[in-house]
Amino acid sequence: MTAFAPKTASGAGRTDRFYLLMIVLPCAFLALLYFLPVLNVLVLSVTEPQPGIQNYQMLAESGALHRILLNTLRVSLSTTALTLLLGYMFSLGINSMAPRTRTVALFVVLASFWISALIRAYAWVAILQPNGLINQLLMGIGLIDTPLILVRNELGVIIGMVHYMLPYAILPIYANMAGIDRSLLRASRALGANRWRTFWWVFFPQSLPGLAGSGILVMIFSLGFYITPAILGGGRVVMIAEYISIQISETLRWGVATMLATVLVMVVVALTIWMSRYLKVGGGLASKGGKS
Amino acid sequence: MKKSLTFNGVGKTYGRTVALRPTDLEIKAGEFLTLLGPSGSGKTTLLMALAGFVQPSSGSILLDGQDITNIPPEARNFGVVFQGYALFPHLTVWENVYFPLRARNLGRAKAREAVDDALALMELKPYADRMPAALSGGQQQRVALARALVFKPELLLLDEPLSALDKSLRKTLQTELKELHRKVGTTFVYVTHDQEEALSMSDRIAILRAGEIQQIASADALYWRPETAFVAGFLGRSNFVPMSGATVDAGAVTALTVLGPIKAQLPRDGVDVPRDACIAVRPERIAVSRQEPAHQNRVQGRVVSLTFFGTHVELDVEARGTLLNVHVPAVQAAQEPGLAEGAEVWLGWDADVSLVLPQETAAA
Ligand SMILES: Nc1ncnc2c1ncn2[C@@H]1O[C@H](COP(=O)(O)OP(=O)(O)OP(=O)(O)O)[C@@H](O)[C@H]1O
Ligand SMILES: [Mg+2]
């Protein structure tokens, strides 16, 4: 079991206890600093301002909440769809590159992880605002004469979020594509399918696990986005995380805030469980592909 | 259905690498042609040029006189079995075999009979609904064959289809493939680097070396009438004796060698003695005896080593500083008293089994 050959029974016991400790410590750390507060949030959601499920009833009744939830869902779904589309195209591109250019392309993808969400959001404001780069460019070449409204609306939020999520989508999609056996594409053509059909009949179905995994991942992230929509939405596109923050720090309605947080956590947990099933299917498919 | 194929000076270069020298080749309708050669000799390149995946740098490929050089692979109507089979992992066995018919716009219902027939031919009916990953290597190989044959291709191309299998399964499938060729009558072009496989299955074998076809002939013609030293050494074994000169008299050659003058033959009528030549003699064509034999060529030597192989005994005999490999049938060796290591023996063979062959051709 253990990496070290036990000399005596008590020695084996000691190494076992040592490994146990290595697991227990981080778990205790997580429990204390993460699960307890989450539990606290759960408890608060049914005790603030008084015990009962009145906070959850608001979920069904409050028009304001419905708008927030709908905003969140719509923005997240649009972000996911766009991110997947762009991520898939980009992955297709790097998948067909020569090894050396591919390394450069992947490096560019990874490099965007280094820049914080805050800085990226402000950069997008600078680029998208009425006298920003894009509008100046479009007016400069005479394509438009009044600035386009690209920011402080849903479009701006989605642009910022797609940009942030792209690397997270590209890596799993590309990893999956790289595992597809290229001789299958040759076989398909030899058997009479042209390039287009070969893509849709052979390549695309085998790239689905990566696409599904990416999709759920992006969706989970998007539902909880805070900084990007807060800055690029300019208060006009309020998503659930920003709304929770407002309830906690400004209106001090802790009961509503914790209720929404609980709902968000549950949705994310449900999606994660769903995703783990997909990833297993993906692994199965990949190993099948590898064998033949 | 049967069509003949012609290569007119088809060559392929990658930058400065010559994968295939300009090659002329005639593939007869319905034959089983094997491309045999060492690794890197251009077998796959030739096959893939035929399939349409390699665009030749020169020359043209004709199918029944029609130029198909620029026709894309999917429009050639050739069946291809790839090394490693390339079965589609996301499709069942049935769907894999249906694939080429789907590509020909045949609906599932219309294709059912053809697919089921192909599965039946390969004895795959019970596995129709399995995924390829749930099949053994031999079964996967049969699915690949069923898939390549279901649309009745004009030509079946196979690139080392058995190389991933273990030896006993390979033997069984070799027999099955040969049987299949007889049954379907399609032209087979088969790539292998296993000479036994080539000898046992093919109507004709093309021996490739360094991007060049050295010789193309039936198995026994290649074995008994090799035209280059490479072919003589690649198929089976041969003793090579370098020669320093020769006199020719009405087709009969007398070669000057370290073993003395040797009476020999040219592989074909009408060829000249090549500049850089050697004598090639098969080990089983040399007779061993204690007394001087009556053969046209005789040399005396000493047995350096003797190994018993059941059916035959293999001797290494040193004669005038040259080591000759000799195979003696075991029954005959038993009748020869005193045949042991260190024994002085006579070796004898006739002119018709010693061939004058070019040693190195232009390929290098
Ligand atoms: N795409 C390519 N780019 C550059 N060189 C290539 C390419 N394909 C083949 N070659 C070269 O062409 C030569 C012939 O290759 P080919 O694959 O036809 O050999 P082969 O006879 O099939 O060998 P093997 O038995 O190892 O499969 C080799 O020297 C190989 O390195
Ligand atoms: Mg090859």
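Residues numbered from 1 in each chain as written. Chains lettered and ligands numbered in written order. Predicted model: local features only at pLDDT ≥ 70, side-chain atom pairs only at ≥ 80, totals over all residues. Heavy atoms only, no water.

Enquirer: Help me out: how do you make sense of a nonpolar patch on the surface in this one?
Expert: Residues and elements named next belong to chain A. Taken together, the side chains of Val104, Phe107, Val108, Leu110, Phe113, Trp114, Ile115, Leu118, Ile119, Tyr122, Tyr226 and Ile227 make up a nonpolar region of the molecular surface, amounting to roughly 1,200 Å² of accessible area. With four residues, the top contributor of residues to the nonpolar patch is helix 4 (residues 99-111). The topology assignment puts Leu118 in helix 5 (residues 117-128). (Patch = residues over 30% accessible without salt bridge, like charges linked within 9 Å, V, L, I, M, F, W, Y side chains within 5 Å. Areas by Shrake-Rupley, 256 points an atom, 1.4 Å probe, with all protein chains shown as cover. Salt bridge = Lys/Arg side-chain N within 4 Å of Asp/Glu carboxyl O. Helix = DSSP H or I, 4+ residues; strand = E, 2+ residues; numbered from the N terminus.)

Enquirer: What is the right way to look at the interface of chain A and chain B in this model?
Expert: In many reports, interface size means the accessible area that the parts give up when they come together. Listed by partner, the interface residues are 21 residues for chain A and 26 residues for chain B. For the chain A and chain B pair, buried surface summed over both sides reaches about 2,200 Å², with 65% attributable to carbon and sulfur atoms. Summed over the three residues of chain A that lose the most area to chain B, namely Arg186, Leu191 and Trp201 of chain A, the buried surface amounts to 33% of that side. We note a salt bridge from Glu74 of chain B to Arg189 of chain A, for which the minimum N-O separation is 2.6 Å. At the boundary of chain A with chain B, the tally comes to five residue pairs in polar contact (both at pLDDT 80 or more). Counting only elements with at least two residues in the side of chain A that touches chain B, the list comes to helix 8 (183-190), helix 9 (195-223) and helix 12 (254-291) of chain A. With seven residues, the top contributor of residues to the side of chain A that touches chain B is helix 8 of chain A. Class assignment for the residues of the side of chain A that touches chain B results in eight nonpolar, seven polar and six charged. (Contact = heavy atoms within 4.5 Å. Buried area = accessible area lost by both parts, 1.4 Å probe. Polar contact = N/O pair within 3.5 Å; in protein donor to acceptor, adjacent residues only side chain to side chain. Nonpolar A, V, L, I, M, F, W, Y, C, P; charged D, E, K, R; others polar.)

Enquirer: Would you take a moment to explain the domain arrangement of chain B for this structure?
Expert: Segmentation of chain B into domains returns domain 1 (5-224) and domain 2 (238-358). Here the C-alpha centroids of domain 1 of chain B and domain 2 of chain B sit 40 Å apart. (Domains from an automatic or database assignment.)

Enquirer: So what exactly am I meant to see when it comes to helix 8 of chain A here?
Expert: Side chains that are three or four residues apart share a direction in an α-helix, a result of its 3.6 residues per turn. Leu184, Ala187, Ser188, Arg189 and Ala190 of chain A are the residues of helix 8 of chain A that are buried. As for helix 8 of chain A, its buried residues are in contact with helix 9 of chain A together with strand 6 (78-81), helix 2 (93-103) and helix 4 (137-149) of chain B. Looking one or two places after helix 8 of chain A, you find Gly192 of chain A, whose phi comes out positive at around 110°. (Buried < 20%, exposed > 50% of the residue type's maximum accessible area, 1.4 Å probe, protein only.)

Enquirer: How should I be thinking about the nonpolar core in this particular structure?
Expert: Within soluble globular proteins, side chains that are nonpolar generally end up buried alongside one another. Residues and elements named next belong to chain B. One finds Leu5, Leu35, Leu50, Val115, Leu157 and Leu177 to be the most contacted residues of the largest nonpolar core, which totals 77 residues. Ranked by residue count, the leading element in this core is helix 2, at seven residues. The contacts of Val115, once residues within four sequence positions are left out, are Trp94, Val97, Tyr98, Leu101 and Val150. Core analysis: the second largest hydrophobic core is formed by 29 residues, Val241, Leu266, Val326 and Val328 among them. (Core = buried A, V, L, I, M, F, W, Y, C linked by side-chain atoms within 4.5 Å.)

Enquirer: Which parts of the structure should I look at to understand helix 3 (residues 108-121) of chain B?
Expert: Residues and elements named next belong to chain B. Its 14 residues give helix 3 an end-to-end C-alpha distance of 19 Å, which sits within 8% of 20 Å, the value for a rise of 1.5 Å per residue. Ala114 marks the point of greatest bend in helix 3, at about 25°. Those residues of helix 3 lying buried are Ala111, Val115, Ala118 and Leu119. Packing partners of the buried residues in helix 3 comprise helix 2 and helix 4. Glu123 occupies a position one or two residues after helix 3 and carries a positive phi of about 55°. (Expected span 1.5 Å × (residues − 1). Bend = angle between axes of the 7 residues up to and from the residue.)

Enquirer: Quick question: what am I supposed to make of the sheet that holds strand 4 (residues 58-63) of chain B here?
Expert: Strands in a sheet are paired, the pairing made by backbone hydrogen bonds, and the direction either parallel or antiparallel. Residue and element names in this part refer to chain B. Pairing is antiparallel across the open sheet formed by four strands, whose spatial order is 2-1-4-5. Edge positions in the sheet fall to strand 2 (17-27) and strand 5 (66-67), since each has one partner strand and no second. As judged from the seven bridges shared by strand 1 (residues 5-14) and strand 2, these two strands associate in the antiparallel manner. Across the sheet, Leu5 pairs through a bridge with Ile27, a residue of strand 2. Docked against the sheet, helix 1 (residues 43-51) engages strand 1, strand 2 and strand 4, running at close to 60° with respect to strand 2. (Pairing = 2+ DSSP bridges. Axes fitted to C-alpha atoms, helices over the stretch in contact; angles between N-to-C directions.)

Enquirer: Before we go on, may I ask you to explain the domain arrangement of chain A in this structure?
Expert: Residue and element names in this part refer to chain A. Partitioning chain A into structural domains gives domain 1 (1-47) and domain 2 (56-291). Just the C-alpha atoms count here: the centres of domain 1 and domain 2 sit 34 Å apart. Between domain 1 and domain 2, the contact holds five residues from the first and seven residues from the second. Interface of domain 1 and domain 2: buried area, both sides summed, is about 450 Å²; carbon and sulfur atoms make up 76% of it. Its largest share of buried area at the contact with domain 2, domain 1 owes to Val41, Leu44 and Ser45, together 76% of the area lost on that side. Viewed at the interface, domain 2 and domain 1 are joined by zero salt bridges.

Enquirer: In this structure, what is going on with unusual backbone geometry? I would like to understand it.
Expert: Most peptide bonds take the trans form, and the phi angle of most residues other than glycine is negative. Here the residue pair Glu48 of chain A and Pro49 of chain A is connected by a cis peptide bond, since its omega of -10° sits within 30 degrees of zero. Phi is positive for Asn77 of chain B, close to 65°, though the residue is something other than glycine. Structurally, the position occupied by Asn77 of chain B is in the loop between strand 5 and strand 6. Of note in this structure, Lys152 of chain B is not a glycine but carries a positive phi near 50°. Looking at where Lys152 of chain B falls in the secondary structure, it is placed in the loop between helix 4 and strand 7 (155-159).

Enquirer: Is there a simple way to explain the packing of helix 3 (residues 63-95) of chain A against helix 4 of chain A in this structure?
Expert: Two numbers describe a pair of packed helices, the interaxial angle and the distance between the axes. Residue and element names in this part refer to chain A. At their nearest, the axes of helix 3 and helix 4 sit 9 Å apart, and the two run at 150° to each other. Here helix 3 lies roughly antiparallel to helix 4, going by the angle between them. Here Phe90, Ile94 and Asn95 of helix 3 lie close against helix 4, whose contacting residues are Arg102, Ala105, Leu106 and Val109. The class makeup of the residues in the contact of helix 3 with helix 4 is five nonpolar, one polar and one charged. (Parallel < 35°, antiparallel > 145°, perpendicular 65-115°, else oblique.)

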